[in-house]
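Architecture and fold: a report
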There are 4 protein chains.
Amino acid sequence: MNIQKLKVAIVGASGFTGSELARLLLSHEDVSIEMITSETHVGKPFSDLHPQFFNRLDIPLVSAEEVGSQQLDVIFLALPHGVSMDFVAEWKNSGAKIIDLSGDFRLSSKEVYEEWYNKKHSYPEGFETAVYGLPELFAEKIKGASLVANPGCYPTASILSMAPLFAKQLVEKNSLVLDAKSGLTGAGIKASATTHFSNVNENFKAYGIAGHRHTIEIEEQLGALSGDQTALQFTPHLLPVDRGILVTAYAKVTQDMNQEKLTNIYRDFYEDKPFVRLRNQVPGIKDVRGSHFCDVFPVWDERTQRVIVISVIDNLLKGAASQAVHNMNLMFGLNESQGLNQVPLKP
Amino acid sequence: MNIQKLKVAIVGASGFTGSELARLLLSHEDVSIEMITSETHVGKPFSDLHPQFFNRLDIPLVSAEEVGSQQLDVIFLALPHGVSMDFVAEWKNSGAKIIDLSGDFRLSSKEVYEEWYNKKHSYPEGFETAVYGLPELFAEKIKGASLVANPGCYPTASILSMAPLFAKQLVEKNSLVLDAKSGLTGAGIKASATTHFSNVNENFKAYGIAGHRHTIEIEEQLGALSGDQTALQFTPHLLPVDRGILVTAYAKVTQDMNQEKLTNIYRDFYEDKPFVRLRNQVPGIKDVRGSHFCDVFPVWDERTQRVIVISVIDNLLKGAASQAVHNMNLMFGLNESQGLNQVPLKP
Amino acid sequence: MNIQKLKVAIVGASGFTGSELARLLLSHEDVSIEMITSETHVGKPFSDLHPQFFNRLDIPLVSAEEVGSQQLDVIFLALPHGVSMDFVAEWKNSGAKIIDLSGDFRLSSKEVYEEWYNKKHSYPEGFETAVYGLPELFAEKIKGASLVANPGCYPTASILSMAPLFAKQLVEKNSLVLDAKSGLTGAGIKASATTHFSNVNENFKAYGIAGHRHTIEIEEQLGALSGDQTALQFTPHLLPVDRGILVTAYAKVTQDMNQEKLTNIYRDFYEDKPFVRLRNQVPGIKDVRGSHFCDVFPVWDERTQRVIVISVIDNLLKGAASQAVHNMNLMFGLNESQGLNQVPLKP
Amino acid sequence: MNIQKLKVAIVGASGFTGSELARLLLSHEDVSIEMITSETHVGKPFSDLHPQFFNRLDIPLVSAEEVGSQQLDVIFLALPHGVSMDFVAEWKNSGAKIIDLSGDFRLSSKEVYEEWYNKKHSYPEGFETAVYGLPELFAEKIKGASLVANPGCYPTASILSMAPLFAKQLVEKNSLVLDAKSGLTGAGIKASATTHFSNVNENFKAYGIAGHRHTIEIEEQLGALSGDQTALQFTPHLLPVDRGILVTAYAKVTQDMNQEKLTNIYRDFYEDKPFVRLRNQVPGIKDVRGSHFCDVFPVWDERTQRVIVISVIDNLLKGAASQAVHNMNLMFGLNESQGLNQVPLKP
């Protein structure tokens, strides 16, 4: 693969996901960034939007119309949900594999999508071919996929926190509570009251209580793992930090449990997964910042007979951009870890 | 009461609670701060420790030994747990009423204390006279008390989030999960790895999973309200902010429920409680910063058949200093709100 | 004055200055808030815009057109520059005194305004009657004023840092450098790339280098103090905090100097100014947060023969709202400190 | 060089500089980390101290005594000043080249060191062989050095901000003012009142006014560049962020100047320096976070006839660890940029 680099396009340059993809792909040995698109900034250097790239990636932005004009190996869609679907439909036969970072193909069907996203889906055929791009669960399927739906940030941390127990059908039905906390970049780059510094700094609040659309994405995946439908409680909160998601998961179990047994279940499940770290002390979001790691820490509370699991990721990386690169590595038979070995940036 | 001001001592000047007490009492019309003690800073002006008081409260710090030498009306103990108990024993017959901000008399008995605090209790008689100083539940008892155990910060926010449902015995046994998040001042003024800026800033983590000592304080109070023992799950997390606690409470209920019914239960319960605000939108910790308010927001999730309640307080105020002043107002027959009407400082 | 409270209107409710004015005036014993205006939120409770006021100040917002309909004593204009001037012209004969928190009448003339604000001035007559509302310099004039131009936040901290030396003509011509740093609220409540959390948090940058419009406001005031025109260097920077301005001022002096002499000059100048604190240790912005104080700390560097002065204020208070209340107190013969004695909120 | 990797020891594992060195060296293709030392944590995995390295660098820490026992190519001293000097003396003939990140050999002589550091120097001979490790100025000397004194963080940003003008003797004698602001990691990992979250967060203050020891380091280097002694004003401030230094430099010049001329002087000087970026817009510290870049932005103010230069670096990288790696690359004839091409982590 070193002889012929993968030709890559990033569609959607203005957001955080687009810039993080560019940062990772720029230092990926097997990749050549052929184009980055932005409809509102055509002609501007990419580094004008993201000055951290000054002198490192100054290529001019082009319109997404240019994507069809060139032979590409991979197209990354770093677009809002509802926008990706049309591009997927347009480029599905272009010869390039597509990794969609939006929510447009993460769910099981048009019907579920339209119920939770409250929006018409224009390309329902995509649900049949799309593979859910969580490498810890679906590596084999991803290897053969031409369209990957990159998981949401909250679902990534949530699913990985509980997958070992669901896979063994150990979770008491409908007992799962996921109390999730995310850094502000999860709200995107758009200026609004929500993203105004003075509303975030020194503040902390919940949002989307009892109805956030990531709920169904988690329910579908954990339900599939256990072979049984599940209804879970998911509450996101906004942290006054740039990056990071921490999920505190609470569940009742269906068998006798103790700490050793619990730890072993997690160790076995994640044994050969290079980016999930089973921690021996409580992890913080800064332990994974700037990296592709998901750190997991399961605790058995004998007193309350409940499992508590902490999981942490960098929402822009394992929750978006580095997960997309991981999927690309799998889809093209590269070393799974290529370009993803950054040690977290701390402090 | 305006003619003769209450003579007050603050024992323990160096911490955040001591300085916040001083700030509130300094502008309380019916109070005169007679002395502030600190064993390690005797002779220094109070404002040397807390420069915000420069030119406003520069009185020299004295040793706690001075407390006995003067006729006082109230003694506030702003000391670590394990230290307060000896002072309470010493000053119980001094003629002054005592408000203890430590954990030494919050629990029901010596036995419970020693189990959860892992420490000998030197003055078990105190448990018999101490009143738990949560005015929303125990105003009448507090009025007659000579020793008040000021509640913990997490317990204040936690109990107020669920009291209306426990008082009506509506909570399914052992179903309660309290996912709590606190600003760093909850960890105190002592320099340590825990309080080092670089470990807190841009970080977020849980601690005390499955064993934090505030658990039993909450269990005892909620259990008493419902008349039935309860085992609850309490998980504290550390927020990268100075002030504020937010509790996200999850519970199953024992009766048919809907949003209107739930809201009414909370409205009725807090109708004449001036410092609990039943909010009509999701509250953030900054909505109460610098104030004595506890904002509460109950949600019924029809899909999961679960109650979710958000409550927020300023941990140094409603969770400590202003609650102590509230208790003092009640103990001395003052207007309950005297000195406590600060609008939150936002942003 | 206690019998008849001052009837007050706040024009411009949506910003930080408007809400801080409301907070201060709500607890001011001699004031009754009669109306708060907002053109875009007419009819909404004030607390909908600023939830910290929930249950404390829920009055419905009205249009500025209502201001003329009622007998008022004071009108506070918490509006952007360029908007205030028309209201001043309209209400100048209404019987109410006007305190304008915008930049519209802070400078010496229409010509200077138009050069630095790059905007036509519609009411140049205002410059003749407006008094510059810095109580430490102009208390007597303010007492007789019907229109006060409340100073800018940077100019307040900057002028107070150097006024004692300029008043004694001790500063070497054109040697003054003011390196200023402000919290984000100085940029206002409007959502933009500038105020997006991720551009501010963990960041720090300069702006308006060599051309910020507060430069001329400072130059005019310091020049007037010394009786000689001065050209100074002013560079503002954006701090990742909500509140606070710190100015580091550097100047060469025209006489022999030493630390004692310098300290005495400042002590004499601020002797009877209750809200300027001459500090004996280096002040931080948190030492004054939430208060009306300006803390000043002058240092003589014998090695470089230069004076360095640090000054800190809360930009929303001494830099805006509390300064406006101070001016109101003076204009109506109230106790200068009425409603302004808050101890800083720290931590 | 790929065949035989450089054998490297990091002496001093517990601080931020030690962990950042490990992070950079771990992904440096030509390096093998042979040992990391810590006297207080011997035997513990390195990742116990710095959990971001969990599963990536878990080697046990050893005593510094082990350093002599093995053939090494490079020894990095990540120690406090006053401690390094003895190790340099001990290992100077060990065959390994030494890169000292402390302040022990940055100045011109024992006498200057003892005056500014107020401490005896035990190995004055080191001043004769030590090369000041600022690659932009001394690349050739560094290539031949066996002992490199890695520059201080403030001096790196300060010197690079003004070097082009000093090298051309364009700065008016004694006119330079350096107003510097640093993130908290500059204060080190030790827990103290200074590093307590609540003293840093939402705060900002100056320190070391008129006497900080980095002053002389900057004066010596800029003086050497111009061939004339200089006395400059240096004032550091503490920013409530983890990483980053921003210097705002003010100077009078000795020749006619304009913006174009100024820009050209900087462009020429930094033309072939890959890690200094001459920016075309005002840089913030987040534009360089996590990278080896120094961004520089010079402005000519025609009105005040003064040059203002902004420079930004990551204090832990270009101000410490990555600069040390850069020096290593030069000392061993490697590609200058090897292991240093990280794009800044933003947001």
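Residues numbered from 1 in each chain as written. Chains lettered and ligands numbered in written order. Predicted model: local features only at pLDDT ≥ 70, side-chain atom pairs only at ≥ 80, totals over all residues. Heavy atoms only, no water.

Moving on: the interface of chain C and chain A. Residue-level contacts link 19 residues of chain C with 19 residues of chain A. Each partner contributes to the roughly 1300 Å² buried at the junction of chain C and chain A, and carbon and sulfur atoms together form 60% of this total. Broken down residue by residue, the surface that chain C buries against chain A is led by His196, Phe197 and Asp242 of chain C, which jointly contribute 48%. For the pair chain C and chain A, the interface holds zero salt bridges. Linking chain C to chain A there are ten residue pairs in polar contact (both at pLDDT 80 or more). Of the residues forming the side of chain C that touches chain A, the biggest block, three residues, is contributed by helix H8 (residues 197–200) of chain C. For the side of chain C that touches chain A, a count of residues per class yields nine nonpolar, seven polar and three charged. (Contact = heavy atoms within 4.5 Å. Buried area = accessible area lost by both parts, 1.4 Å probe. Salt bridge = Lys/Arg side-chain N within 4 Å of Asp/Glu carboxyl O. Polar contact = N/O pair within 3.5 Å; in protein donor to acceptor, adjacent residues only side chain to side chain. Helix = DSSP H or I, 4+ residues; strand = E, 2+ residues; numbered from the N terminus. Nonpolar A, V, L, I, M, F, W, Y, C, P; charged D, E, K, R; others polar.)

Residue and element names in this part refer to chain A. Scanning all chains against the criterion turns up 72 salt bridges over all chains. Between Glu114 and Lys110 there is a salt bridge; the shortest N-O distance is 2.9 Å. A residue pair is termed a helical-turn pair when its members lie 3 or 4 positions apart in one helix, as Glu114 and Lys110 do in helix H4 (residues 110–117) at four residues. Residue classification places Lys110 among the partly exposed residues on the basis of a relative accessible area of 23%. We note a salt bridge from Lys273 to Asp272, for which the minimum N-O separation is 2.9 Å. (Buried < 20%, exposed > 50% of the residue type's maximum accessible area, 1.4 Å probe, protein only.)

What follows deals with the relation of the copies chain D and chain C. Laying chain D over chain C is done by rotating through 180 degrees and shifting 0.0 Å along the axis; what remains is an RMSD of 0.0 Å. Read as a symmetry element, the transformation amounts to a two-fold axis. Looking at chain D, 100% of its interface residues are interface residues in chain C too, so the copies touch through the same face. (Least-squares fit on C-alpha atoms with pLDDT ≥ 70 in both.)

Let's shift gears to the sheet that holds strand E1 (residues 6–11) of chain D. Residue and element names in this part refer to chain D. Within the open sheet, the six strands sit side by side as E2-E1-E3-E4-E6-E5. Their pairing is parallel. Since the sheet does not close on itself, it has two edges, and those belong to strand E2 (31–37) and strand E5 (131–132), each with one partner. Of the strand pairs in this sheet, strand E4 (residues 97–100) and strand E6 (residues 147–149) are connected by three bridges, and their pairing is parallel. If you follow Asp100 over to E6, its bridge partner there is Ala149. (Pairing = 2+ DSSP bridges.)

Moving on to the packing of helix H6 (residues 135–143) of chain A against helix H11 (residues 321–331) of chain A. Residues and elements named next belong to chain A. The interhelical angle for the contact between H6 and H11, taken along N-to-C directions, is 40 degrees, at an axis separation of 9 Å. Considering their axes alone, H6 and H11 lie oblique with respect to each other. Crossing hand, H6 versus H11: right-handed. Residue-level contacts link Pro135, Glu136, Ala139, Ile142 and Lys143 of H6 to Gln323, His326, Asn327, Leu330 and Met331 of H11. A per-class count over the contact of H6 with H11 returns five nonpolar, three polar and two charged. (Axes fitted to C-alpha atoms, helices over the stretch in contact; angles between N-to-C directions. Parallel < 35°, antiparallel > 145°, perpendicular 65-115°, else oblique. Left-handed = near helix turned anticlockwise from the far one by under 90°.)

Once that is clear, we can look at the relation of the copies chain C and chain A. Overlay of chain C on chain A (RMSD 0.0 Å): rotation 180 degrees, translation along the axis 0.0 Å. The residues that chain C uses at the interface reappear at the interface of chain A in 100% of cases, marking a shared surface.

This part covers the pairing of strand E4 (residues 97–100) of chain B. Residues and elements named next belong to chain B. Where strand E3 (residues 74–77) meets E4, four bridges bridge the pair, whose relative direction is parallel. Counterpart to Leu77 in the pairing with E4 is Asp100. Regarding the hand of the β-α-β motif, the stretch spanning E3, helix H3 (residues 84–91) and E4 is right-handed. (Right-handed = clockwise from strand over helix to strand, strands pointing away.)

For an interface, size is often stated in terms of accessible area lost upon the parts coming together. All names here are of chain A. Partitioning chain A into domains gives domain 1 (6–150 + 320–331) and domain 2 (154–313). Between the C-alpha centres of domain 1 and domain 2 the distance comes to 25 Å. Here domain 1 packs against domain 2, burying approximately 2000 Å² in sum over the two surfaces, 61% of which is carbon and sulfur. On the domain 1 side of the interface with domain 2, the three residues burying the most area are Phe16, Trp116 and Glu136, jointly 33% of the side's total. (Domains from an automatic or database assignment.)

This part covers the interface of chain D and chain C. The partner chain C presents 47 residues to the 47 residues of chain D that form the contact. Counting the surface lost from both chain D and chain C, the interface buries some 3800 Å², and carbon and sulfur atoms represent 55% of this. Three residues stand out in chain D for area buried against chain C, namely Glu202, Phe204 and Arg303 of chain D, and they jointly supply 18% of the buried area on that side. Scanning the region where chain D abuts chain C turns up four salt bridges. Of the charged contacts in the structure, one is a salt bridge between Glu219 of chain C and Arg303 of chain D, with a shortest N-O distance of 2.6 Å. The tally of links between chain D and chain C comes to 34 residue pairs in polar contact (both at pLDDT 80 or more). Put simply, the parts of the chain that give the side of chain D that touches chain C at least two residues each are strand E7 (177–182), strand E8 (205–206), helix H9 (214–226), strand E9 (233–238), strand E10 (245–251), strand E12 (294–301) and strand E13 (306–313) of chain D. Of all the elements, E7 of chain D adds the most residues to the side of chain D that touches chain C, at four residues. Within the side of chain D that touches chain C, the residues separate by chemical class into 22 nonpolar, twelve polar and 13 charged.

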